[in-house]
Amino acid sequence: MTKLGDLITLESGTSQFRLTESLSNEAPEYRVFGQAELDADLIGLDVFPCDERSIRTFDRVCVLHSGDVVFSLLTGKAAIVGPVHDGCIFTQNHVRMIPESLIDGGYLAYLLNESSDVRRQLLVGQQGSSMTQRYTVKQLSRLELDDLPSLEMQRTLGQLYFNQLKLSALKKRQADLEKVLVLGKIKGVQQQ
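Since this is a predicted model, take the numbers as computed values, not measurements. (Residues numbered from 1 in each chain as written. Predicted model: local features only at pLDDT ≥ 70, side-chain atom pairs only at ≥ 80, totals over all residues. Heavy atoms only, no water.)

Q: Kindly report on the pairing of strand S3 (residues 29–33), identifying the contributing residues and their values.
A: Where S3 lies against strand S4 (residues 54–56), 3 bridges are found, and the strand directions are antiparallel. Across the sheet, residue Tyr30 finds its bridge partner in S4, namely Ile55. Here S3 runs beside strand S7 (residues 89–90); their pairing, made up of 2 bridges, is parallel. The partner of Phe33 across the bridge, within S7, is Phe90. (Pairing = 2+ DSSP bridges. Helix = DSSP H or I, 4+ residues; strand = E, 2+ residues; numbered from the N terminus.)

Q: I'd like a description of the sheet that holds S7, backed by residues and values.
A: Across the sheet, which stays open at both edges, the 3 strands sit in the order S4-S3-S7 with mixed pairing between neighbours. Two strands close off the open sheet at either side, each with one partner strand: S4 and S7.

Q: Pulling in residues and values, what's your account of the packing of helix H2 (residues 105–114) against helix H5 (residues 151–190)?
A: At their nearest, the axes of H2 and H5 sit 7 Å apart, and the two run at 60° to each other. One element, H2, and the other, H5, form an angle in the oblique class. Crossing of H2 over H5 shows left-handed handedness. For the pair H2 and H5, the contacting residues are Gly106, Tyr107, Ala109, Tyr110, Asn113 and Glu114 in the first and Gln154, Leu157, Gly158, Tyr161 and Phe162 in the second. Classifying every residue of the contact of H2 with H5 by side-chain character gives 6 nonpolar, 4 polar and 1 charged. (Axes fitted to C-alpha atoms, helices over the stretch in contact; angles between N-to-C directions. Parallel < 35°, antiparallel > 145°, perpendicular 65-115°, else oblique. Left-handed = near helix turned anticlockwise from the far one by under 90°. Contact = heavy atoms within 4.5 Å. Nonpolar A, V, L, I, M, F, W, Y, C, P; charged D, E, K, R; others polar.)

Q: Quick one: what's the story with the packing of helix H1 (residues 35–43) against H5, residue by residue and with numbers?
A: The N-to-C vectors of H1 and H5 enclose an angle of 105°; their axes lie 7 Å apart at closest approach. Classified by the interaxial angle, the pair formed by H1 and H5 is roughly perpendicular. Along its contact with H1, which presents Asp41, Leu42 and Ile43, the element H5 presents Tyr161, Phe162, Leu165, Lys166 and Ala169.

Q: Pulling in residues and values, what's your account of H2?
A: Burial analysis of H2 places 8 of its 10 residues in the buried class, which makes it a mostly covered element. Within H2 the residues assigned to the buried category are Gly105, Gly106, Tyr107, Leu108, Ala109, Leu111, Leu112 and Asn113. Measuring from the backbone nitrogen of Gly106 back to the side-chain oxygen at the start of H2 gives 3.1 Å, which picks out Asp104 as the cap. (Buried < 20%, exposed > 50% of the residue type's maximum accessible area, 1.4 Å probe, protein only. Polar contact = N/O pair within 3.5 Å; in protein donor to acceptor, adjacent residues only side chain to side chain.)

Q: Provide a residue-level description of the environment of Ser24, including the pertinent values.
A: Assignment of secondary structure puts Ser24 in the loop between strand S2 (8–12) and S3. As a C-alpha pair, Ser24 and Leu157 span 133 residues in sequence and 47 Å in three-dimensional space. Discounting chain neighbours no more than four positions away, the residues touching Ser24 are Arg56 and Phe58.

Q: Describe a nonpolar patch on the surface, with residues and values.
A: Taken together, the side chains of Met153, Leu157 and Leu160 present a nonpolar region at the surface, about 260 Å² in accessible area. On the secondary structure map, Leu157 appears in helix H5. (Patch = residues over 30% accessible without salt bridge, like charges linked within 9 Å, V, L, I, M, F, W, Y side chains within 5 Å. Areas by Shrake-Rupley, 256 points an atom, 1.4 Å probe, with all protein chains shown as cover. Salt bridge = Lys/Arg side-chain N within 4 Å of Asp/Glu carboxyl O.)

The structure is reproduced here in structure tokens:
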């Protein structure tokens, strides 16, 4: 057994309550990375209506880069940041996970999202009331993982996982579009 904290570095996001918003056009503008962006990156498609919230500030902020592994402390889901969300600010609701050389980022996301043992450990350690439960950085670092497969196998499994999520999302999108098409045709026939 290996503790996750021995395999990755965890970085908490910027506290949104400590940011001083600026009205100056000279202040850098940052898009805010939220749950919709994480969900879109998880399936590799921008299919969710992202609010594109942004903030202007001269404060020092934490930003995500394409390829980063990010974990939501609210939902317990992990994703790899896509190019469209490169440069987004991430708040204290998210944690950047920087894998060391022994674990692949895609495999890490797969483990956090799909491993029944990891999910059990996460559920047992949740903090807060039943309405506002959240995960903690400390809890993440203490997760115990079984022996890891080779890095090559990890990369393969991580890629298969994300390919399957994208394929499922594309099939759902196709089914939704077919439904709209058929309902439109039915409506057209009724109006004749």
